[in-house]
Amino acid sequence: MGTRPRTKPHLLLLLLLLATRALVSSPAWNLAQGSPAAFGPVFEDQPLGLLFPEESTEEQVTLVCRARASPPATYRWKMNGTEMNLGLGSRHQLVGGNLVIMNPTKAQDAGVYQCLASNPVGTVVSREAVLRFGFLQEFSKEERDPVKAHEGWGVMLPCNPPAHYPGLSYRWLLNEFPNFIPTDGRHFVSQTTGNLYIARTNASDLGNYSCLATSHMDFSTKSVFSKFAQLNLAAEDPRLFAPSIKARFPAETYALVGQQVTLECFAFGNPVPRIKWRKVDGSLSPQWATAEPTLQIPSVSFEDEGTYECEAENSRGRDTVQGRIIVQAQPEWLKVISDTEADIGANLRWGCAAAGKPRPTVRWLRNGEPLASQGSAQNRVEVSAGDLRFSKLSLEDSGMYQCVAENKHGTIYASAELAVQALAPDFRQNPVRRLIPAARGGEISIACQPRAAPKATVLWSKGTEILVNSSRLTVTPDGTLVIRNISRSDEGRYTCFAENFMGKANSTGVLSVRDATKITLAPSSADINLGDNLTLQCHASHDPTMDLTFTWTLDDFPIDFDKPGGHYRRASVKETVGDLTILSAQLRHGGTYECMAQTVVDSASKEATVLVRGPPGPPGGVVVRDIGDTTVQLSWSRGFDNHSPIAKYTLQARTRPAGKWKQVRTNPANIEGNAETAQVLGLTPWMDYEFRVLASNILGTGEPSGPSSRIRTKEAVPSVAPSGLGGGGGAPGELIVNWTAGQQQLADGPSAWRRHPVLRLQQREHPALHALRGQDPQLQPARGRPREPHGHSVLCRGRAQGGPHQGLGQGHLILGDERDLGACAAGHERGPPGVRDPLLESWGQRSSCRPSEDSRAGDPCLRHRSAPQHQVPCDRAGLQPGRHWARQPFHQCNNHEAPASATSRQHLLDLLQLQPEHQVGPCGRPPKRVCSHRLQASGVFKTQGGSHTGLEAGAVRAPPSDLSRAGWKAAPRCKDIFLQMLYQNDLHPTPILHLTSKNWIEIPMLEDTGHALVQIRTTGPGGDGIPAEVHIVRNGGTSMMVENAAACLAPHPSAILSRSVLMLILIGYLEL
């Protein structure tokens, strides 16, 4: 009894030494102690399957294997699951990690190979590599029987390939090499069986046939020929046969994802059948749609799985065959294991998951062996499919682990290292801080994190006093000491003690208490307008032995004071002052600001809210609907009001190509801030528009909305006539009509005067008008009565209906007639019989032609002339503004035109004297000069409807001296002269046309009109006079004043000069 206490310490010491020696000698211990770069094998190269030709001249096969490991790995190999003997003298040699097989043979070396890499940490197994041997034997030497058939029948020649591995490709020869059978709709060579199919035979198919089979292997390619088989054809069978499918794809075709799938289908028939493919339970991809006997899917996927149908069809019928493609897949990892360090005695759960079709099974390996065979470890290790659970890890659980997923299509491996650690507590890497400053009244956390395995138990002491949890002191589960409401009495030395069954350790730090940091002047919330400046004050007190810094955040994001062009400035007067100044505040500067004053010990912060008010944000979602000719309906969504209620909305529009935004009139005129729709007024018909919306409040107008989609208003009747119609002068037999182009914005439709002008010619004896209608940019003669006597006026016409009279477009038009016709060839001296000059009859002239002897002579037609002169038949003649056009009767025989003679000199004089300032008078009377004259305002007067102004104008004739010079006599004043007024004010930019038969007119003037422009001219059947302009401006609050009353405009000097030059040329011509 007395000796037992003496022997027990020696026994305990011996057991401890043995345990320590075993622990230190283990790889896990070395790794835990920081042995340099100690880790288990990780494969970098693994063996691949190999196809080796049996007849190859190569003398060896090499399967590669290389792993990264520390210490370096050693290698072993298994064949068909049995470890190989790689000793000296063996045909199998180990070179590095590679396996070299000398003089390989199918009988001894075909099989499944695996590489094993090991080091002191553990062992891993490579994927499986299959070594196969390829071969292709010769065709049978026996002669082949001839194949007989009637011409017109289908026929199949069998290939009967010899034994082979792997698959072959096939071609057929006809009579001799290299006369290969072409691939066309009549011939087909099956790459599955090698057989040759001919859908319908003909005489060209007679001959001897040989099957060529080719094997493609890793190292070589081999081809063999069969004996020739003769094809004999009997007499032609003229009958037609419905299709009969002979080459059929199987009912089920299995394929792996990513592989190429080929389906074959070929039919006999007369006529040769057409092949079509379709997917019965889905749509066939367009890239695979084909009329060929094969359907190829280059990289099959699960979406391609389904039933496919081949249809063979000709005029006699159809035949079909169906089969299903079943897509499967090799295993593929979804979740893998990774290297893990765990404490001894802890629990661990590992998991892996794989996808595949069929669904893969999962098994586990440890150091290259099945995990279930590890003896006593089964009591602590649970394997459940993809889950591996450890309870109370021990040092022997350290090693290399592999998760293996496999199905019938393949096997995959995932490897990881498990290192179980057993360590005494160690503070060398994470000691307690030596100096621990803390603020008075604050809180401090002191961490204790020694390295230990298993986890150490932690105790804290202050001096010699062991600390326990209280209202101010807490030791957290991870060993951290927390002290709250710190005071000067908390200063001192604090020590952390850590202990586990492997040993114990401690670490000490000194707590120093400092004055707390406080905000003495906090920032105040503010409400400012856009563009204002603002200073947020922030002052603080702190422990004088420490540095104080200020930081500012806006909505929890730090403010960058160094940003170029920024709006923030920071005060730098004193260390205790951290004021923030915002220059020219923008809407984005609104939010919650936080000022934080901090030292290395503690910090203090205060918040303030800044509200920035500004103009509204842009409205959104501008939509145009209810499109009319001059109106549309706009709707939009409200934008941000930016903290100030929206007072009103403004609508703007722009047209192309000008692109300038202009405010438009609306209904209601003033759009209130709660509105989200309004009608736009006063638009121009047949015009492209874009619209946008602007919101306003008491702080201004915000950014505009994005532009709406472009729309086009509907067409309408033209509201304004072209101006400046005149005529006269020109070459013999011609009448010149001049006009002035108007503005494109006044066109009002796609067929308005600018694009489709209409020239109306009015008969002398009859009031009806006949129109020459223009197609952009030409005028064409009307279909009515083109040879009648005419005056002339111009009509502005849109697609909807006719508009007011006046000009065409900038340029001039010449209507003329060559009086006498020359003779045709073959005895035609004059033009067609009874041809009269109706245009010259308007001025008392007449012409006629003698009857023609040629019965084939053509009718008179309209000739148009420009520089250079060209002619077209009258039904296609175009009269284009800006060119000279001649209206001439001409005689046509045998597709040749008779030459025209000169017009009478008197008629030429009459036309030359008709200048642009003249108008053709109505009722056959000579034209007279008309103009807007003696324009005066009769004053402004009030009515119940608003202000009106009265204007009076008179039309006078030109002096008789001007008319006599042209050979005209003054005519009495016509009764059908009208006063035409074009009115435009600053509120209504679109001109308004007024027409009256009186010599005065009354104009409505709105209350808010500040300025108006009026153009007045006389107009009648003979055309328009020269306009006069009147400006009406408001004089005071209620009265209007007329300025710049126009007098009658005199002819332009250029017109007088051109007339004089033409007269001189004419006189010279007549004297000749």
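Here the residue numbering is sequential within each chain, running from 1 through the sequence in written order. Only residues with pLDDT of 70 or above have their local features reported here, since the model is predicted, and side-chain atom pairs are shown and tallied only from 80 upward, although totals for entire chains, interfaces and linings are computed over all residues. Only hydrogens and water are set aside when side-chain values are computed; all heavy atoms of the structure are taken into account.

Moving on, we get to the overall build of the protein. Counting its regular elements, the protein contains seven helices and 86 strands. With a 1.4 Å probe rolled over the protein chains alone, any residue whose accessible area is under 20% of its type maximum counts as buried; one over 50% counts as exposed, and the rest are partly exposed. Here the protein holds 1072 residues, and the buried ones make up 45% of them. The contact definition used throughout considers only heavy atoms, calling two residues in contact when any of these lie within 4.5 Å. Look at the contacts in the protein between residues 6 or more apart in sequence, and 65% of them connect residues 24 or more apart. Surface accessibility of the protein: about 54900 Å² in total, with carbon and sulfur atoms responsible for 51%. Helix and strand assignments come from DSSP, with helices taken as H or I runs of at least 4 residues and strands as E runs of at least 2, each series counted from the N terminus. With residues, only the protein chains shown are counted as cover, and all accessible areas are computed by Shrake-Rupley using a 1.4 Å probe.

The strand order across the open sheet formed by three strands is S3-S8-S7, and the pairing between neighbours is antiparallel. Sheet topology places strand S3 (60-63) and strand S7 (92-95) at the edges, where each strand pairs with a single neighbour. Each strand axis lies, on average, 25° off the axis of its neighbour in the sheet, ignoring direction. Here S7 pairs with strand S8 (residues 98-102) via four bridges, running antiparallel. Within S8, the position partnered with valine 95 by the bridge is asparagine 98. Think of it this way: DSSP has to see at least two bridges between two strands before they count as a pair. Lines fitted to the C-alpha atoms define the axes, with helices restricted to the stretch that makes contact. Angles between their N-to-C directions range from 0 to 180 degrees.

Looking now at the state of the cysteines. Criterion for a disulfide: a pair of cysteine sulfur atoms at a distance within 2.5 Å. Under the defined criterion, the tally for this structure stands at six disulfides. Note on cysteine connectivity: cysteine 65 is disulfide-linked to cysteine 115, with sulfurs 2.0 Å apart. Looking along the S-S bond of the cysteine 65-cysteine 115 disulfide, the torsion reads about -75°, which is the left-handed sense. Within this pair, whereas cysteine 65 is found in the loop between S3 and strand S4 (66-70), its partner cysteine 115 is found in strand S9 (residues 111-119), the two being separated by 50 residues in sequence. A relative accessible area of 0% means that cysteine 115 is categorised as buried. Bridging cysteine 448 to cysteine 496, the disulfide has an S-S length of 1.7 Å. Between cysteine 448 and cysteine 496, the S-S torsion sits near -65°, and that sign places the bridge as left-handed. Here cysteine 448, found in the loop between strand S40 (444-446) and strand S41 (451-453), pairs with cysteine 496, found in strand S46 (residues 492-500); they are 48 residues apart in sequence, far enough to count as distant. By relative accessible area, cysteine 448 is classed as buried at 2%.

The three strands lie next to each other as S40-S45-S44, forming an open sheet whose pairing is antiparallel. Pairing within the sheet leaves two strands with one partner each, and these edge strands are S40 and strand S44 (473-475). The mean angle between the axes of side-by-side strands here comes to 15°, regardless of whether they run parallel or antiparallel. Sheet topology note: the S44/strand S45 (residues 481-483) ladder contains three bridges and is antiparallel. Of the residues in S45, the one forming a bridge with leucine 473 is isoleucine 483.

With that out of the way, let us pick up the pattern of salt bridges. One side-chain nitrogen of Lys or Arg within 4 Å of one carboxyl oxygen of Asp or Glu is enough to make a salt bridge. Applying the stated rule across the entire model yields 35 salt bridges. Residue arginine 712 is joined to aspartate 688 by a salt bridge in which the shortest nitrogen-to-oxygen separation is 2.7 Å. Of the two residues, arginine 712 is situated in strand S67 (residues 711-712) and aspartate 688 in strand S65 (residues 688-697); the sequence distance between them amounts to 24 residues. Accessibility expressed as a relative area gives 43% for arginine 712, which makes it partly exposed. What makes aspartate 688 partly exposed here is its relative accessible area of 22%. Via salt bridges that share partners, Glu44, Asp45, Arg66 and Arg68 belong to a single interconnected network.

This part takes up the environment of glycine 282. Summarising the element assignment, glycine 282 is placed in the loop between strand S25 (274-279) and strand S26 (294-297). What makes glycine 282 partly exposed here is its relative accessible area of 37%. Considered as a pair, glycine 282 and tyrosine 308 are 26 residues apart in the sequence and their alpha carbons are 9.1 Å apart.

The next thing to look at is the packing of aromatic side chains. When two rings of Phe, Tyr or Trp (its six-membered ring) have centres within 6.5 Å they constitute a pair, described as stacked for plane angles under 30 degrees, edge-to-face for angles over 60, and tilted for the intermediate range. As enumerated under the stated definition, the model contains 13 aromatic pairs in all. Ring geometry for phenylalanine 390 against tyrosine 401: centres 5.6 Å apart, planes inclined by 90°, an arrangement best described as edge-to-face. Linking phenylalanine 390 in strand S35 (residues 387-390) with tyrosine 401 in strand S36 (residues 399-407), this pair joins segments that are 11 residues apart in sequence. For the pair phenylalanine 390 and tyrosine 401, a shared accessibility class is recorded, and that class is buried. Grouping aromatic residues by their ring pairs yields a cluster made of Phe188, Tyr197, Phe266 and Phe268. The ring of phenylalanine 180 carries arginine 171 above its face, with NZ or CZ at 3.7 Å from the centroid. By the criterion adopted, a ring carries a charge over it if an Arg CZ or a Lys NZ lies within 6 Å of its centre and within 35 degrees of its normal. The lysine or arginine in question, arginine 712, covers the ring of tryptophan 686, its NZ or CZ lying 5.0 Å from the ring centre.

What follows covers the confidence of the model for the protein. Reading predicted coordinates in detail is not appropriate for stretches of low pLDDT. Each residue carries a pLDDT score, the predictor's own confidence in it, on a scale running from 0 to 100. Across the protein, pLDDT averages 74, with 65% of residues at or above 70. Contacts for the low-pLDDT stretch residues 762-948, under 50 throughout, to residues beyond four places or in other chains number 553 contacts. With pLDDT under 50 throughout, residues 952-976 is counted as low confidence; its partners more than four residues away or in other chains account for 55 contacts.

So, on to the side chain of threonine 480. Inspection of the secondary structure assignment puts threonine 480 in the loop between S44 and S45. In this structure the side chain of threonine 480 is engaged in a polar contact, spanning 3.2 Å, whose partner is the side chain of aspartate 478. Whenever a nitrogen or oxygen atom comes within 3.5 Å of another N or O atom, the pair is scored as a polar contact, on the condition that within protein one atom can donate a hydrogen and the other can accept it, and that pairs from neighbouring residues in sequence are kept only if both atoms are in side chains.

Before going further, it helps to examine the side chain of threonine 340. Here threonine 340 lies in strand S29 (residues 340-343). A polar contact of 3.2 Å, which involves the side chain of threonine 340, links it to the side chain of tryptophan 350.

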